[in-house]
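# Observations on chain architecture
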Number of protein chains: 2
Amino acid sequence: MNVIYAEIQQLHSPQYFLSSGAMQPNPEVPQRAERLLDAALKCGLKHIEPPDYGLDPVAAIHTPEYLQFLQNIYRRWGYIEGASAEVIPNIHPDRRDGAYPASAVGQAGFHMADTSCPISAETWRSALASAHTAVHGAQLLLDGAAACYALARPPGHHAARDFAAGFCYLNNTAAAAQTLRTRFERVAILDIDVHHGNGTQDIFYHRPDVLTVSIHADPVRFYPFFWGHASERGTGPGKGYNLNLPLPRGTEDSGYLKTLDQALARISAFAPQAMVVALGLDAYAGDPLKGLAVSTAGFGKIASRIASLGLPTLLVQEGGYLCPALGENLASFLEGFGPGSL
Amino acid sequence: MNVIYAEIQQLHSPQYFLSSGAMQPNPEVPQRAERLLDAALKCGLKHIEPPDYGLDPVAAIHTPEYLQFLQNIYRRWGYIEGASAEVIPNIHPDRRDGAYPASAVGQAGFHMADTSCPISAETWRSALASAHTAVHGAQLLLDGAAACYALARPPGHHAARDFAAGFCYLNNTAAAAQTLRTRFERVAILDIDVHHGNGTQDIFYHRPDVLTVSIHADPVRFYPFFWGHASERGTGPGKGYNLNLPLPRGTEDSGYLKTLDQALARISAFAPQAMVVALGLDAYAGDPLKGLAVSTAGFGKIASRIASLGLPTLLVQEGGYLCPALGENLASFLEGFGPGSL
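Structure report, in brief. Positions within a chain are numbered from 1, following the residues in the order the chain's sequence is written. Chains and ligands are labelled sequentially in the order written, the chains with letters from A and the ligands with numbers from 1. Side-chain atom pairs in this predicted model are given and counted only at pLDDT of 80 or more, local residue features only at pLDDT of at least 70, and totals for whole chains, interfaces and linings cover all residues. Side-chain calculation: all heavy atoms of the structure are included, whereas hydrogens and water are not.

### A few points about the pattern of salt bridges
All names here are of chain A. By convention in these notes, a salt bridge is any Lys or Arg side-chain nitrogen within 4 Å of a carboxyl oxygen on Asp or Glu. Applying the stated criterion to the full structure yields 22 salt bridges over all chains. Ionic pairing is found between Glu 28 and Arg 32, a salt bridge with its closest N-O pair at 2.8 Å. In this pair, the class of Glu 28 matches that of Arg 32, namely buried. Linking Arg 96 and Asp 162 is a salt bridge whose minimum nitrogen-to-oxygen distance equals 3.0 Å. Of this pair, Arg 96 sits in the loop between helix H3 (64-77) and helix H4 (104-111) while Asp 162 sits in the loop between strand E5 (147-150) and helix H6 (172-180), and the two are 66 residues apart along the sequence. When its relative accessible area of 25% is taken as the criterion, Arg 96 is described as partly exposed. For Asp 162, a relative accessible area of 16% translates into the label buried. Buried, partly exposed and exposed residues are distinguished by accessible area as a fraction of the type maximum, computed with a 1.4 Å probe on protein chains only: under 20%, between the cut-offs, and over 50%, respectively. Numbering of helices and strands starts at the N terminus; helices are DSSP runs of H or I of at least 4 residues and strands are runs of E of at least 2.

### Thoughts on the interface of chain B and chain A
We call two residues in contact whenever any of their non-hydrogen atoms come within 4.5 Å of each other. Facing 41 residues of chain B, the contacting portion of chain A comprises 41 residues. Throughout, buried area stands for the accessible area (probe radius 1.4 Å) lost by two parts on being put together, summed over both. Interface of chain B and chain A: buried area, both sides summed, is about 3,500 Å²; carbon and sulfur atoms make up 61% of it. For chain B, the biggest contributors to the area lost against chain A are B:Ser20, B:Asp94 and B:Phe226; these three give 21% of the whole. Joining chain B to chain A, the criterion identifies zero salt bridges. As used in this structure description, the phrase polar contact means that two N or O atoms lie within 3.5 Å; if the pair is within protein, one of them must be able to donate a hydrogen and the other to accept it, and residues adjacent in sequence are counted only when both atoms belong to side chains. Applying the counting rule to chain B against chain A returns 15 residue pairs in polar contact (both at pLDDT 80 or more). Among the secondary structure elements, those contributing two or more residues to the side of chain B that touches chain A are strand E2 (16-19), strand E3 (22-25) and helix H4 (104-111) of chain B. Sorting elements by how many residues they give to the side of chain B that touches chain A places H4(B) first, with four residues. Polar here means any residue outside two lists: the nonpolar Ala, Val, Leu, Ile, Met, Phe, Trp, Tyr, Cys and Pro, and the charged Asp, Glu, Lys and Arg; Gly therefore counts as polar. Considered class by class, the residues forming the side of chain B that touches chain A number 23 nonpolar, 13 polar and five charged.

### Overview of the environment of A:Leu257
Residues and elements named next belong to chain A. You can see Leu 257 is positioned in helix H8 (residues 253-270). Given the relative accessible area of 8%, Leu 257 is considered buried. Along the chain, Leu 257 and Lys 301 lie 44 residues apart, while their C-alpha atoms are 7.9 Å from each other. Discounting residues that sit within four places of it in the chain, Leu 257 has contacts with Lys 301, Ile 302 and Arg 305.

### Observations concerning the pairing of E2(B)
Residue and element names in this part refer to chain B. Any two strands with at least two DSSP-identified bridges between them are counted as paired. Here E2 runs beside E3; their pairing, made up of four bridges, is antiparallel. Across the sheet, residue Phe 17 finds its bridge partner in E3, namely Gln 24. In textbook terms, the turn of a hairpin is the stretch between consecutive antiparallel strands, and for E2 and E3 this stretch comprises two residues, one of which, Ser 20, has a positive phi near 50°.

### A few points about the sheet that holds strand E1 (residues 2-4) of chain A
Residue and element names in this part refer to chain A. Read from one edge to the other, the open sheet built from eight strands follows the order E4-E1-E5-E10-E9-E6-E7-E8, with strand pairing classed as parallel. Of all the strands in the sheet, just strand E4 (46-48) and strand E8 (242-247) have a single pairing partner and so form its edges. Sheet twist, expressed as the average angle between the axes of neighbouring strands with direction ignored, equals 20°. Pairing of strand E9 (residues 274-279) with strand E10 (residues 313-317), which is carried by five bridges, proceeds in the parallel orientation. Here, axes are lines fitted to C-alpha atoms. For helices the fit covers the stretch in contact, and angles between N-to-C directions go from 0 to 180 degrees.

### As for the relation of the copies chain B and chain A
Fitting of the copies onto one another was done by least squares over C-alpha atoms, counting residues only where both copies have pLDDT of at least 70. Least-squares fitting of chain B to chain A yields an RMSD of 0.0 Å, with the transformation described by 0.0 Å of translation along the axis and a rotation of 180°. Given the turn and translation reported, the copies of this chain are related as if by a two-fold rotation axis. Within chain B, the C-alpha atom positioned nearest to the axis of rotation is that of B:Arg95, 2.4 Å from it. A share of 100% of the interface residues of chain B reappears at the interface of chain A, consistent with the copies meeting face to face through the same patch.

### Here's the deal with the packing of aromatic side chains
Any pair of Phe, Tyr and Trp rings, taking the six-membered ring for Trp, is counted once the centres come within 6.5 Å. Such a pair is stacked with planes under 30 degrees apart, edge-to-face with planes over 60 apart, and tilted for the rest. Considering all chains together, one arrives at 20 aromatic pairs over all chains under this definition. With a centroid separation of 6.3 Å and an interplanar angle of 15°, the aromatic rings of A:Phe333 and A:Phe337 are classed as stacked. Highlighted residues: A:Phe333 and A:Phe337, both in helix H10 (residues 326-337), separated by four residues, approximately one helical turn. Pair check on accessibility: A:Phe333 and A:Phe337 agree, each one buried. Through a chain of ring-to-ring contacts, three or more aromatic side chains come together here, namely A:Tyr100, A:Phe110, B:Phe163, B:Tyr223, B:Phe225, B:Phe226 and B:Trp227. Over the aromatic face of B:Phe110 sits the side chain of B:Arg96, whose NZ or CZ is 4.2 Å from the ring centroid. By definition, being over a ring means that NZ of Lys or CZ of Arg is both within 6 Å of the ring centre and within 35 degrees of the ring normal.

### With respect to the packing of helix H9 (residues 296-307) of chain A against H10(A)
Residues and elements named next belong to chain A. Contact pair H9 / H10: the axes reach a minimum separation of 7 Å and the direction vectors enclose 30°. Compared by their axis directions, H9 and H10 come out roughly parallel. For the pair H9 and H10, the crossing hand works out as right-handed. Facing Thr 296, Ala 297, Phe 299, Gly 300, Ile 302, Ala 303, Ser 304, Ile 306 and Ala 307 of H9, the residues of H10 in contact are Glu 328, Asn 329, Ser 332, Phe 333, Gly 336 and Phe 337. Partitioned by chemical class, the residues of the contact of H9 with H10 number eight nonpolar, six polar and one charged. When an angle is under 35 degrees it counts as roughly parallel; over 145 it counts as roughly antiparallel; between 65 and 115 it counts as roughly perpendicular; any other value is oblique. Crossing handedness is read from the near helix: turned anticlockwise from the far helix by less than a right angle, it gives a left-handed crossing, and turned clockwise, a right-handed one.

### Brief notes about the packing of helix H3 (residues 64-77) of chain B against H4(B)
A packed helix pair is summarised by two numbers, namely the angle formed by the two axes and the spacing between the axes. Residues and elements named next belong to chain B. The contact between H3 and H4 brings their axes to 10 Å, and the two run at 135°. In terms of their interaxial angle, H3 and H4 are classed as oblique. Handedness of the crossing formed by H3 with H4: left-handed. Residues Glu 65, Tyr 66, Phe 69, Ile 73, Arg 76 and Trp 77 of H3 touch H4, and the partners they reach there are Ala 104, Val 105, Gln 107, Ala 108 and His 111.

### With respect to the sheet that holds strand E10 (residues 313-317) of chain B
All names here are of chain B. Taken together, eight strands build an open sheet; the order of strands is E4-E1-E5-E10-E9-E6-E7-E8 and the sheet is parallel. Of all the strands in the sheet, the pair left with one neighbour each is strand E4 (46-48) and strand E8 (242-247). Sheet twist, expressed as the average angle between the axes of neighbouring strands with direction ignored, equals 20°. Pairing geometry for strand E6 (residues 187-191) and strand E9 (residues 274-279), over five bridges, is parallel. The residue of E9 that forms the bridge with Leu 190 is Val 277. Sitting on the sheet, helix H1 (residues 31-42) touches strand E1 (2-4), E4, strand E5 (147-150) and E10, and the angle it makes with E1 is about 165°. The strands touched by helix H10 (residues 326-337) are E5, E9 and E10; relative to E10, the strand with the most contacts, the crossing angle is about 180°.

### A word on unusual backbone geometry
Glycine aside, residues mostly have negative phi, and peptide bonds are mostly found in the trans state. Residues and elements named next belong to chain A. Here the amide bond leading from Arg 153 into Pro 154 is cis, since omega sits at 5°, within 30 degrees of zero. Even without being a glycine, Phe 167 presents a positive backbone phi close to 70°. Checked against the element boundaries, Phe 167 lands in the loop between E5 and H6.

This is how it looks when you write it as structure tokens:
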């Protein structure tokens, strides 16, 4: 199996994370990618760099205003007297259908749902490379690969059509799924990050051709709070093509695997021709974000059940933060996914 | 004329104002009220304290969840490890009709549209007293007074049905207008604060019995950015009963008065039996928020034209920040409103 990763994904290095009113060090650090790459290589995966796919794959899932914003806001922010070094929003609309502001501060609030995704000078380049990493994985599947691991960092699944959130700017997983749609009629996304994949849900909420399934800590008391409830099932032609499976905080392997079986049954019924796994490793019991309590061995079991579907599968890295077992958790997943594919 | 003001409105003393990503001192300081009270007394107004009206007047315009939130969030926030001393939100919903979070952080984002209205231990008491100040003014009008000045601080016009914003928690102006509705069939609100009165608009957006008119700096490049555009005209039975008159930044007296005439013509056509003026003094040329450029003498002219409608009129203090002329601007307004009423 290949691990796809571009060195320039490292450049994005957010400093702060305004959490509960206080500035905190941002946990979405470049070292995450180093650790994950190292673990993938140790498992025998072969590293390849993605080619430049330009803007098309992200323009297919994000709005033009949002992409303009991401490309230009850092420069514009610099003109504001007394502004922070990184772009952090402070005012937000209560709905998306009102007027679109012209000011940098207004646009920051429109295009950023929270304060965890500061934008610095290198954010755009790294985020675009991260999306290309995922898109290249999809391309390899289109070319016949059975599986690939796209080391997408910064992550993507909280990025919606027109807003950044939760350390995410461009939705790598969605860009990959959309790319797979060029050949496959039905694509399934299974999101096993500890947080609900609200951005991915948003992008495909109206569509029946991409099934979105997410297993995550119950948002009623966990990020992203406003999205990820079981009642959110899709809309219009997409009704029934979004499945949220919230779990109680602290759920361990056995509870998790039972819910995973439900997710996989839904995916089987959909009969997709390919699958994208939004591979967060933060459901781990020792992850600093403390949502669920999956064990290192648990990731191997999760992977093995996913692999049993026998679908062309792209693994796209999402969350999972620095802790001693981060690399082992990835290794456990990759090994569980099937020695044959390594 | 009476100036209504409760000493406990002073207790709320927000420390910070997260603006463009940086912590700044909060300009909505208790000294504002001292200056304004002083100026009102010098003009010959008589100070009275409002009685306690309880929760009813604010429950008539805000949601039960929001009032619960305002009363309890400070205590709950204290349980969050590493949280700031004041409640400041960091994640926000993209719409209001989704699930309602149970967590303090989720609710803070749901009920606070921006970071300019931190909640501290005394916020609720002061905000409720500020609302009672406005409600008492309305009561005096119901009892036959021709005019009153309610020194409402913290201000209120950015507070919507279920969210705080722009230094505002409870919508004093809306509570007063709703109180006036117990006797008067049609009530008009004229908002001359430099910022659009988005909260007041939100509260009455569906209703034809309370006309809301706001003159303010164009939100396309000015707070509150997402609301206050001319295209927002009301909805359902309230269609046509909301009028926004955005002005270019830096508009001076002559331009302002021309637009005021438009506002007053609309109010006359509505034929209200009483009026509430959301009296911001921050359209002043020397106000630190720098939106419009009304002169001290200009406030007198504005007041005199408003008084010419001959309606029972409640003046409710909104914005206007510390600057050498703050007291003089109020005095100019009160004197322009008519020596007879002083």
